[in-house]
Protein chains: 2
Amino acid sequence: MRPLTVALILCFSAFSFAQTQSSNGVDYHHIAEQIVRHALSEGRAFDMLRELTGVGPRLSGSPQAAAAVELTRQIMERWSFENVRLQPVMVPHWVRGPVEEAAIINSPLVGTMPLTICALGGSVATPALGVVAEVIEVKNFEELHALGKKAAGKIIFFNRPMDPTSLDTFASYGNAVDQRGSGAIEAARAGGVAALVRSMTTALDDVPHTGGMHYDDQVPKVPAAAISTLDANYLSQAIAKDQHLTVRLKLTCATLPEATSANVMGELPGTEKSEEIIVLGGHVDSWDKGVGAHDDGSGCVQALEAVRLLKTLDLKPRRTIRAVMFMNEENGSRGGKEYARAAAEKKIQHIAAMESDRGGFAPRGFSIEGDSVVAQKIAAWSPIFAAFGAERIGRGGSGSDISPLVQQGVLGLGLIPEPQRYFDYHHSDNDTLDKVNSRELELGAAAMALMAYMLAQEL
Amino acid sequence: MRPLTVALILCFSAFSFAQTQSSNGVDYHHIAEQIVRHALSEGRAFDMLRELTGVGPRLSGSPQAAAAVELTRQIMERWSFENVRLQPVMVPHWVRGPVEEAAIINSPLVGTMPLTICALGGSVATPALGVVAEVIEVKNFEELHALGKKAAGKIIFFNRPMDPTSLDTFASYGNAVDQRGSGAIEAARAGGVAALVRSMTTALDDVPHTGGMHYDDQVPKVPAAAISTLDANYLSQAIAKDQHLTVRLKLTCATLPEATSANVMGELPGTEKSEEIIVLGGHVDSWDKGVGAHDDGSGCVQALEAVRLLKTLDLKPRRTIRAVMFMNEENGSRGGKEYARAAAEKKIQHIAAMESDRGGFAPRGFSIEGDSVVAQKIAAWSPIFAAFGAERIGRGGSGSDISPLVQQGVLGLGLIPEPQRYFDYHHSDNDTLDKVNSRELELGAAAMALMAYMLAQEL
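Here the residue numbers are simple positions, counted from 1 along each chain's written sequence. Both sets of labels track the order of writing: A upward for chains, 1 upward for ligands. With pLDDT at 70 or above as the cut-off, local features in this predicted model cover only qualifying residues; side-chain atom pairs require 80 or more to be listed or tallied, and sums for whole chains, interfaces and linings still use all residues.

Peer 1: What's the story with the overall build of chain A in this structure? I'm lost.
Peer 2: A run of H or I in DSSP counts as a helix once it spans at least four residues, and a run of E counts as a strand once it spans at least two, with each numbered from the N terminus. Assigned secondary structure in chain A consists of 14 helices and 17 strands. Put simply, the radius of gyration uses C-alpha atoms, and a globule should come to 2.2 Å times the residue count raised to 0.38. Taken against the 2.2 N^0.38 rule, which gives 23 Å for 459 residues, the C-alpha radius of gyration of chain A at 23 Å falls within 12% of a compact globule. Dimensions of chain A, computed from the C-alpha atoms along their principal axes, are close to 75 × 45 × 40 Å. Each of the 459 residues in chain A was classed as buried or not, and the buried ones make up 60%. Contacts spanning at least 24 positions in sequence make up 83% of the contacts within chain A whose residues lie at least 6 apart. Each residue is classified by how many other C-beta atoms fall within 10 Å of its C-beta atom, where C-beta atoms are placed from the backbone; a count of 20 or more means buried, 12 or fewer means exposed, and values in between mean partly exposed. A pair of residues counts as a contact when their C-beta atoms, built from backbone coordinates, are separated by no more than 7 Å.

Peer 1: Please explain the packing of helix α1 (residues 28-42) of chain B against helix α14 (residues 438-458) of chain B as it appears in this structure.
Peer 2: Any two packed helices are characterised by the angle at which their axes cross and by the distance between the axes. All names here are of chain B. Working convention: axes come from line fits to C-alpha atoms, limited for helices to the stretch in contact. Angles between N-to-C directions cover 0 to 180 degrees. At a minimum axis separation of 9 Å, α1 and α14 run at an interaxial angle of 145°. For the crossing formed where α1 meets α14, the hand is right-handed. Residues Y28, I31, A32, I35, V36, A39 and L40 of α1 touch α14, and the partners they reach there are R439, E442, L443, A445, A446, A449, L450 and M454. Residue polarity follows a fixed list, in which Ala, Val, Leu, Ile, Met, Phe, Trp, Tyr, Cys and Pro are nonpolar, Asp, Glu, Lys and Arg are charged, and the others, Gly among them, are polar. Class assignment of the residues belonging to the contact of α1 with α14 gives a composition of 13 nonpolar, no polar and two charged. By definition, turning the near helix anticlockwise from the far helix through less than a right angle yields a left-handed crossing, and turning it clockwise yields a right-handed one.

Peer 1: Teacher, can you tell me more about the packing of helix α2 (residues 45-54) of chain B against α14(B) here?
Peer 2: All names here are of chain B. At their nearest, the axes of α2 and α14 sit 8 Å apart, and the two run at 110° to each other. Compared by their axis directions, α2 and α14 come out roughly perpendicular. Residue-level inspection shows A45, F46 and L49 of α2 in contact with α14, the latter providing S438, L441, E442 and A445. When grouped by side-chain class, the residues that make up the contact of α2 with α14 number five nonpolar, one polar and one charged. An angle below 35 degrees is treated as roughly parallel, one above 145 as roughly antiparallel, one from 65 to 115 as roughly perpendicular, and anything else as oblique.

Peer 1: Help me understand helix α6 (residues 178-189) of chain A in this model?
Peer 2: The periodicity of an α-helix, 3.6 residues per turn, causes residues three or four places apart in sequence to face the same way. Residues and elements named next belong to chain A. Taken together, the buried positions of α6 are Q179, R180, G183, A184, I185, E186, A187 and A188. Buried residues along α6 sit in contact with α4 (141-147), β7 (155-158), α5 (169-176), β8 (194-198) and β9 (224-227). Looking one or two places after α6, you find G191, whose phi comes out positive at around 90°.

Peer 1: How do you make sense of the domain arrangement of chain A when you look at a structure like this?
Peer 2: When the parts come together, some accessible area is lost, and that loss is often what is quoted as the size of the interface. Residue and element names in this part refer to chain A. As used throughout, domain bounds are those supplied by an automatic or database domain assignment. Taken domain by domain, chain A consists of domain 1 (6-91 + 258-458) and domain 2 (97-252). Computed over C-alpha atoms only, the centres of domain 1 and domain 2 are separated by 34 Å. Contact with domain 1, which involves 15 residues of that partner, is made by 18 residues of domain 2. Along the lines of polarity and charge, the residues of the side of domain 1 that touches domain 2 split into four nonpolar, six polar and five charged.

Peer 1: Would you mind showing me how to read the pairing of strand β12 (residues 273-283) of chain A here?
Peer 2: Put simply, side chains in a regular strand alternate between the two faces of the sheet. Residues and elements named next belong to chain A. The pairing of β12 with strand β13 (residues 319-326) spans eight bridges and is classified as parallel. Within β13, the residue paired with H283 across the bridge is F326. Handedness rule for crossovers: strands pointing away from the viewer, path from the first strand over the helix to the second running clockwise, crossover right-handed. With helix α8 (residues 293-312) bridging β12 and the parallel β13, this β-α-β connection has right-handed handedness. Where β12 and strand β14 (residues 349-355) come together, six bridges link them in parallel fashion. Strand pairing is defined by DSSP finding a minimum of two bridges between the two strands.

Peer 1: I keep staring at the pairing of strand β6 (residues 131-138) of chain A and nothing clicks. Help me out?
Peer 2: Residues and elements named next belong to chain A. The pairing of β6 with strand β10 (residues 246-250) spans four bridges and is antiparallel. Bridging across to β10, V131 finds its partner in L249. Looking at chain direction, β6 and β7 are connected through four bridges and run parallel. Bridged to V135 within β7 is I155. In the classification by handedness, the crossover that spans β6, the intervening α4 and the parallel β7 is right-handed.

Peer 1: Explanation requested: the sheet that holds strand β5 (residues 117-119) of chain A in the structure shown.
Peer 2: Picture the strands of a sheet paired through backbone hydrogen bonds; they go either parallel or antiparallel. All names here are of chain A. Read across the open sheet, the eight strands follow the order β4-β3-β10-β6-β7-β8-β9-β5; overall the sheet is mixed. Looking at strand neighbours, the two that pair on one side only are β4 (111-115) and β5, the edges of this open sheet. Across this sheet, the average inter-strand angle for adjacent strands is 30°, counted without regard to direction. Sheet strands touched by α6: β7, β8 and β9. Its angle to β8, the strand with the most contacts, is close to 155°. Of the strands in this sheet, β3 (102-107), β4, β6, β7, β8 and β9 are in contact with helix α7 (residues 229-241), which crosses β6 at around 90°.

Peer 1: Quick question: what am I supposed to make of helix α1 (residues 28-42) of chain A here?
Peer 2: All names here are of chain A. In this analysis, the expected span of each helix is defined as 1.5 Å times one less than the number of residues it contains. When the terminal C-alpha atoms of α1 are compared, their 20 Å separation across 15 residues agrees well with the 21 Å that a helix rising 1.5 Å per residue should span. Among all positions of α1, only Y28, I31, A32, I35, V36, A39 and L40 are buried. Around the axis of α1, the buried residues are gathered within 150° of arc, so they sit on the same side. Pointing more than 90 degrees away from the buried face of α1 are the exposed residues S41 and E42. Contact partners of the buried residues in α1: α8, α11 (382-385) and α14 (438-458). Working note: the arc is built from the helix axis to C-beta atom directions.

Peer 1: Explanation requested: the environment of Q407(B) in the structure shown.
Peer 2: Residue and element names in this part refer to chain B. Residue placement: Q407 occurs in helix α12 (residues 403-407). On the neighbour-count criterion, Q407 (10 C-beta atoms within 10 Å) is exposed. The spatial distance from the C-alpha of Q407 to the C-alpha of S166 is 28 Å, given a sequence separation of 241 residues.

Peer 1: Can you help me understand the environment of A262(A) in this one?
Peer 2: Residues and elements named next belong to chain A. Topologically, A262 is positioned in strand β11 (residues 254-268). Along the chain, A262 and A66 lie 196 residues apart, while their C-alpha atoms are 8.3 Å from each other. Beyond its immediate stretch of four places on either side in the chain, A262 contacts V69, L86, Q87, P88, V89 and M327.

Peer 1: Quick question: what am I supposed to make of unusual backbone geometry here?
Peer 2: Both trends apply: most residues other than glycine have a negative phi, and most peptide bonds are in trans. Residue and element names in this part refer to chain A. Here the residue pair D295 and D296 is connected by a cis peptide bond, since its omega of 0° sits within 30 degrees of zero. Examined against the element boundaries, D296 turns out to sit in helix α8. Residue H427 is not a glycine yet carries a positive backbone phi of 60°. Note on placement: H427 falls in the loop between α13 (422-425) and α14.

Peer 1: Please clarify how the sheet that holds strand β8 (residues 194-198) of chain B should be interpreted in this entry.
Peer 2: All names here are of chain B. Strand order across the open sheet formed by eight strands is β4-β3-β10-β6-β7-β8-β9-β5, with mixed pairing between neighbours. Each edge of the open sheet is held by one strand with a lone partner, namely β4 (111-115) and β5 (117-119). In this sheet, neighbouring strand axes are inclined to one another by 30° on average, regardless of whether the strands run parallel or antiparallel. Strand direction decides the pairing type here: strand β7 (residues 155-158) and β8, joined by four bridges, are parallel.

Peer 1: Is there a simple way to explain the confidence of the model for chain A in this structure?
Peer 2: Detailed reading of the predicted coordinates is not advisable wherever pLDDT is low. Residues and elements named next belong to chain A. Within a predicted model, pLDDT stands for the predictor's per-residue confidence, ranging from 0 to 100. Overall, the predicted model of chain A reaches an average pLDDT of 94, with 95% of residues at or above 70. Residue range residues 1-19 is modelled with pLDDT below 50. Its contacts to residues more than four positions away, or to other chains, number 58 contacts. Across the predicted assembly, pTM comes out at 0.94 and ipTM at 0.93.

Peer 1: I would appreciate a short explanation of the environment of R334(B) in the present structure.
Peer 2: All names here are of chain B. Checked against the element boundaries, R334 lands in helix α9 (residues 334-345). On a C-alpha basis, the gap between R334 and Y215 in space is 17 Å, while along the polypeptide they are 119 residues apart. Setting aside chain neighbours within four positions, we find R334 in contact with V89, M90, V91, M327 and N328.

Below is the structure:
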């Protein structure tokens, strides 16, 4: 997920709901009620999510990711989607390694204490016996730069928490995640031997939250790991007691040759303008911690269920609605890039693309990026989406997988669910099926179904 | 909780946020931001909830209920509330009994199968060896009445699920809960020997959800139990295989003599009109299943935290803001009734009463009952409450504990959180602290703090 900000842009009144009809007399309020009723009584998103998370963690290049491609293809076939097919994509193949990861404090003042850590996705391994070095704590890159030569030979400990005070947890994530994404580069640039990064989470917990990180060919590749927020606090206190404490960091991860994988897609063909496409997507890969129930199993099954709902309720769109299970959002975005590249090459006309990648929580609205007049038009549909509790429709980023399409000028939409819990689970062992409420998940799918239908009919 | 329905009544625009000032120039938008920032970084509601749920289940008359009275009194003293005091209330004292409750199917066709049940609160016990009878399934009282003499001697199995299709789970609860509340009366009236009631929950799970029920002195008191939704489905299928299967139902509950207990209250005194009261409340009692984390530990700590937030941020209300921990909402509402009776007797001027008793989930708004013009005025504050995600302000019921005050003409408000998960946990072993997200809980407290302050300043 990328950090996004959403601003409300419109006014709504429940009293106007009953009058919400299109120019040609279609009563979308009635259709919304029909979809909600079906989704909450006979919705299949949660069942699909049980299947998908049953595959296990689905990191790009893994056997589980391959199994998820096959499973989502089967689900599309099972519900008689049309033009079901795979779009081949080459993906990075990073593995955590067979040996347990570890970080251990060694200090005459503090003692010997293990820390709860995990490699960041894409990190190089440490030597077999680990990296042993003093630890120096910084809150940001400016502090690191100010250290000058003091950083040389040290493990750089990036310990700036996500800002808890913002209602928008995605904004807080966006303002903290540079430590994870570029911490290894900045650590190496400063002469450091490794990066240890406070987990990107609003929770104070004892699990590390992994995630993507980058290297720069201009500087050495140093190993990088996430540390749980509880142990980040502990380590900070320990450093206050002994500024010369050392940590032994041991990671056994590796980057293997790239692997073949695929986006999965299937359609509900349009009745009038079948060559015009509305894309609905989520990403089928996940990190290797937890089973990607919220990130982004939920988004995948919501896109699948949205198409199934329209088919089941016999709502025939004028334009083609296509569900796409994007591969490799987490560590490369290869699926999203390949999809957009191929679409441009073949000159396929995309009218809009919508993504769900903020968790399977109760929907609150949609964010839109693209032409202002079109965005205003969609925002005016807000009263209809109150039927799903999703009436906050405003400007904001859409989604990572569809951003290459959006850069080509395609209208982008993101489903915006309630955001307070998402980063408790994100990229960690806690992102499991039991954290998803079936009603909340189905409501999101229902909201996406109507939005896709209205985009197909009304744009 | 009582079933309530809420209708949105107003229009909002984020663009107007910055201009939201009172007639005397106070910038409530700024105050809202101040409260949110403090609540999300240094809020204490979750810590208080950990303490309160640590007491255990708090059924009226129990030692744990007494401990909760003392604990909430201490919390008020700890944060220097003024006029901290107890208001004595006599409460019912029902106990589940020391021996395990049981219901066992016996059938030559189906076999011997235990069912997951628990006594409904207030039920009489069965004889020591249990009630053994054939079971007859009905969906509602009309079906029961239509059975005529066929119901005589039977265990009446009320098996109408909560309607899953409504977005408003409280409305669905309201439409199903007659089975639990009056099932024993109707069963007895029909000649039945016991009532077995499908648990009031949106979840399909293996835990029974207890709750209040009534007797009528005109008919025999027959034992009544809740059955888990999974086992309700199982029993229904078993009856389809063997219409003459019997169930042995054994309950060991008892009603003891009434006990003395108390409402707990403490204040932030008004600077100008200290004799005019704004009440903020939740109920400190719970059922004896789970630890009442959402129902209604959350509401109690939100009321406490709202007052603490105002004190800590040095926001001095013109009118007195009083936190009240009501006793005995679950099986008698004695606390709410006594509070209102004493207020009328002493002619204490109550301007408004606000309750949180719909769980500690992310706040979405407030419901208001009372004078239309005043309700419209409060609804116009909606843009300010978007700072908490709580901008849906509309007409609807307020809360069970404050309803006796509302009946006296006092304006009533209810905090409305996201409602999809509440009945998964309600009145069951699943209503525990781990189901509450600290950020969501603190946001609700923050929204109540500002609402109380604005009621104190602006009405």
